[in-house]
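# Overview (structure and organization)
These are the residues of each chain, in order.
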Amino acid sequence: MPLKLLNNVIFQSIFLMSLLIVVGIFIPNWLVFVITKAIAYGLVGLGIITLMRGGLVSFGQGFVFGIGGYTAGLLGTQAGLTDAMLLLFISFLFTGFIGLIIAPLLARYRDIFFAMLSLAFSMVLYGILIKIDAIGGSDGFVLPESTYFGISPSPEYADYILYVVSILMTGVVSILLRYYYNSTPGLIALAVRENELRVEYLGSSAFNVTVLNFTIAAGLGGMGGALNGIALGHIDPEFTYWTTSGEFVFISILAGYLSVPAVFLAALFLELVRSFSGRYFPDTWQLILGVFLILSIIFIPSGIGSFFKQFFDKFKNK
Amino acid sequence: MSKNINLLKAEGINKCFGAVVAAKDINMTIQKGERVSLIGSNGAGKTTFMNMVTGYLKPDSGNIYLKNENITFLNPRTITQKGISRSFQIPQIFEPMSTWENILIALGTSQKNHSYFKNARSKENADYINEILSRFSLHEFAHRQVSELPGGVRKLLDIAMALVRKPDILLLDEPTSGVGAEEKYPLMDNIAKALSVENLTVIFVEHDMDIVQNYSERVIAFYQGEIIADGKCDKVLKDENVQEFVTGKTPKRAK
Amino acid sequence: MIDEILTIILDGAIYASWLFIVALGLTFVFGVLKILNIAHGGIYALGAYSTATLVPIFYSLGMPDQLVILTMLVSALAVAIVITPIMERGILRRFYGQDEVLIVLVTYAIYLVLEDVQKLIWGMNSLYVYEPRELLGALQFGSLYYVGYDLALIGLAIFCGLLLWLFLNKTKSGKIVLAVIHNPEISGCMGVNINKVYLAAFFVGAFLAALAGSFTAPLISVQVGISVAVVIESFAVVIIGGLGSIPGAVIGALIIGMARAACVHKLPEAEIFIMYFCMAGMLIFRPKGLFQGTQARKI
């Protein structure tokens, strides 16, 4: 019985979430902030691994990251909507909706062409955003302070509360995704990755699978963008730039598509490297990132998620 | 209407690839429950015909009907959903997965109204997969990665996956090619046994005439995109043209 | 009116030439090695930096001014000679035959490393080498003045393109390269040393990138971040023209060069994203680019 419980996705998630929430009380504020940002990036990475399960890698997730961020930001400044949870949720829905609209266009492409077309979309958005002065052009703009159920927290707790909210919302999303991955359509996505032709000849549509995965990835990316904007208190076109998209791909490759928690671990790794090298070696953070990326592709081609999977598979077989 | 339902009907099919004629005025009707083999040398148009029936290629002219419904311009997916499944000369299976998972995916694709939150490895799915596995004697390979399996087993799995959907017609593209000589008959026996459960219509492309003789009642012979003989197995195999152009028993060829 | 059109055409042609030299290397490397090299932009930047370093040294030696062109060539060559063994032999060779998208990621990683290498070697300051640009004086078209050096870039681009095209189509070694592009396995079986071809092709690609950087250095201030834009712009060119196609790179560079020049003069707001617009449009209507056929899958 206890073993069975340990294998239960919901149990695992609740355990992890409570652990993080408790740990958050004792760790310094900068680390709380770093983890929140890692969650934001991890959400986007989660979207990419959803696509990767279907055999695609997007080099343009900055597109949805930016849309999510700007959605949250504009709702805050223009409509006066400052509830963080509501902003995250609306950004998720709205960006997912945008994803659903452009997905049929992208879903016809594979491999490098999918990657490049998604990149083109993100760069078009970048080009537009830096030209619109009404929303700050290339400087972006500042987001209003977030509220939670109408209450604005005092500044010293604001980071921690956002941290808790992001853990809770991400936890729910991760659980739902795990269910999707294990469902029949989720398995068919894996089959599309391996042999699209056969999937068609078995009577399922690879196109529909890709549209669905892209829509999910868009929604997650939007939510990540909104969270990142709220955490930073600021949003600018850099969100959509291709180097930002590159960081998301880094996270997903490092994590691999086999495990959900691995994505957040990879994102946390990225954020820690970023903040450490930003502090101690400001000129070499890209170098460190690049070296890590090459090493991880060489030595752990299936990502750190493969270790997680091996661990749990062993556990199950006992 | 006649009592015998024309399950599959091809009318005046033509198809060219540049100057190469792959199908020339092909007419054929196939009744429910028939075991038909298509024979012909390489390039005679058997596989092209199969690819047109399954929607991978579109004929230049002519129509194909399944149960009186025109399926000529449908895509492979829709044709599969309407009841024509196929296997492949080179098995198209999901390499990094196990036999069990391959069949699970085939089963998943055959089900309607998927739930996105229900685990695919459910009890009822497992029961059905086990049934398929035992029908094809694949049990011992259930949890092995398919990329490591021997050729004959891969072929069998490929066919098993096509059958999961319970099609009206099953097309087998060279079920014994790429399989060692001693493995061929056990494989065909296995296939025949698995297919005998339902009154399935089977069309298969085959080069081995002994297998054709043993496992099919009707034979259709192709030569340069045309049907040169169609009928009972013995009759077709004794046909002069067939012997000259297909089975090559009379050494009359120029080369 | 006529002046305006002429300006757009000349500006566009100059811009296209520069783009073409970069994209030529990119598309050639893709054609042979099947690698879409993001680090190409990094090599470009190294070319610019090495010129910005070597040219002042050249002037301090007091040699005849015309030889500065030679110095620029040497600096591009030096970059290619240093970078090729490290990148091709050292890193990329491990990934041949693997998923194209994965290899793009590897080159992205190398790009990141090169970015910081530039900072570590040359620091954050801008370098200027405007002297070579004065070498060829100015030319007058009606009421327009153009710097001779800028127009010479058009010649350089045509020269590079023609040379590579002639090499591939008219020489025996070139035909071997074409054979490798078409089918590396069979070429290998026929006795072609694939590794050597890959190395040479990568060298040519790297040299073209460095050359473009080297000859652009006098036009810009050489500083951190010059490679970022190059990556995306040259990508757009090869995507529009078709990956691996030299004529495609010509057309792609011309489309983007002209579109951009037209935007600068007529619709400055659109300048930044016009090329992404071209690229997205091309991908939507002709996903494999102008000069690439579709491949049917055999079953």
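In this numbering scheme, every chain counts its residues from 1 along its sequence in written order. Whichever chain is written first is A, and whichever ligand is written first is 1; the rest continue in order. Residue-level local features of this predicted model are given only where pLDDT is at least 70; pairs of side-chain atoms are given and counted only at 80 or more, and the full residue set underlies all totals for whole chains, interfaces and linings. Only heavy atoms go into the side-chain values, all of them from the structure, while hydrogens and water stay out.

Residues and elements named next belong to chain C. The salt bridge definition used is simple: a Lys or Arg side-chain nitrogen within 4 Å of an Asp or Glu carboxyl oxygen. Throughout the structure, instances matching the rule amount to 24 salt bridges over all chains. Salt-bridge contacts for Glu-4 lead to Lys-266; the nearest nitrogen and oxygen are separated by 3.4 Å. Here Lys-266 lies in helix H10 (residues 246-266) and Glu-4 lies in helix H1 (residues 2-33), a separation of 262 residues in the sequence. Burial here depends on accessible area, computed with a 1.4 Å probe over protein chains only, as a share of the maximum for the residue type. Under 20% is buried, over 50% is exposed, and the range in between is partly exposed. Glu-4 sits in the partly exposed class, given a relative accessible area of 29%. In DSSP terms, a helix is any run of H or I states spanning at least four residues, a strand is any run of E spanning at least two, and both are numbered starting from the N terminus.

This part is about the environment of Thr171(C). All names here are of chain C. One can find Thr-171 in the loop between helix H5 (148-170) and helix H6 (172-182). Between the alpha carbons of Thr-171 and Thr-7 there is a distance of 39 Å; along the sequence they are 164 residues apart. One polar contact links the side chain of Thr-171 to the main-chain carbonyl oxygen of Phe-167, over a distance of 2.6 Å. In protein, a polar contact requires one atom able to donate a hydrogen and another able to accept it; more generally it is a pair of N or O atoms within 3.5 Å, and residues adjacent in sequence count only if both atoms are side-chain atoms.

Residues and elements named next belong to chain B. Here we have four strands laid out as an open sheet, ordered E2-E1-E4-E5, and antiparallel in their pairing. Where the open sheet ends on each side, the last strands, each with one partner, are strand E2 (20-31) and strand E5 (69-70). By definition, two strands form a pair when at least two bridges between them are found by DSSP. As defined by bridge partners, strand E1 (residues 6-17) adjoins strand E4 (residues 61-66) across five bridges and the pair is classed as antiparallel. Residue pairing across strands places Ala-10 opposite Ile-64, the latter belonging to E4.

Moving on: the pairing of strand E2 (residues 144-147) of chain C. Residue and element names in this part refer to chain C. Here E2 shows a buried face lined by Leu-144 and Tyr-146 and an unburied face lined by Tyr-145 and Val-147. Summarising the sheet, strand E1 (residues 138-141) and E2 pair through four bridges and their orientation is antiparallel. From the neighbouring strand, Phe-141 faces E2, where its bridge partner is Leu-144. Hairpin connection, E1 to E2: the antiparallel pair is bridged by two residues, and Gly-142 has positive phi, about 55°.

Here is the key point about a regular strand: its side chains alternate between the two faces of the sheet. Residue and element names in this part refer to chain B. Here two bridges tie E4 to E5, and the two strands are oriented antiparallel to one another. Bridge pairing in E5 links Tyr-65 to Asn-70. Linking two consecutive strands that pair antiparallel, namely E4 and E5, is a turn of two residues; a positive phi of about 45° is found at Lys-67 within it.

Whether two residues are in contact is decided by their heavy atoms: any pair within 4.5 Å suffices. With 40 residues of chain A at the contact, the number on the chain C side is 45 residues. Buried area adds together the accessible area that both of two parts lose upon being put together, with accessible area traced by a 1.4 Å probe. Carbon and sulfur atoms make up 82% of the surface buried where chain A meets chain C, a total of about 3800 Å² over both sides. Scanning the region where chain A abuts chain C turns up zero salt bridges. On the surface where chain A and chain C come into contact, there are four residue pairs in polar contact (both at pLDDT 80 or more). At the level of secondary structure, the elements contributing two or more residues to the side of chain A that touches chain C comprise helix H6 (111-129), helix H9 (196-201), helix H11 (242-255) and helix H13 (285-299) of chain A. A total of 11 residues in the side of chain A that touches chain C trace back to one element, the largest contributor, which is H6(A). For this scheme, ten residues count as nonpolar: Ala, Val, Leu, Ile, Met, Phe, Trp, Tyr, Cys and Pro. Four count as charged, namely Asp, Glu, Lys and Arg, and the remainder, Gly too, count as polar. Grouping the constituent residues of the side of chain A that touches chain C by class yields 28 nonpolar, seven polar and five charged.

The subject of this paragraph is the nonpolar core. Generally speaking, soluble globular proteins have nonpolar side chains that are buried together. By size, the foremost hydrophobic cluster in this structure holds 258 residues, and its most contacted members are Phe59(A), Trp242(A) and Leu36(C). Excluding its chain neighbours within four sequence positions, the residues that come into contact with Leu36(C) are Ile112(A), Met116(A), Leu26(C), Phe30(C), Val104(C), Thr107(C), Phe235(C), Val238(C) and Leu243(C). Side-chain atoms within 4.5 Å are what join buried Ala, Val, Leu, Ile, Met, Phe, Trp, Tyr and Cys residues into a set we call a nonpolar core. The next biggest cluster of nonpolar side chains, apart from the first, holds 27 residues, and it includes Ala10(B), Ile30(B), Phe49(B) and Leu66(B).

Shape is all these values report; function is a separate question.
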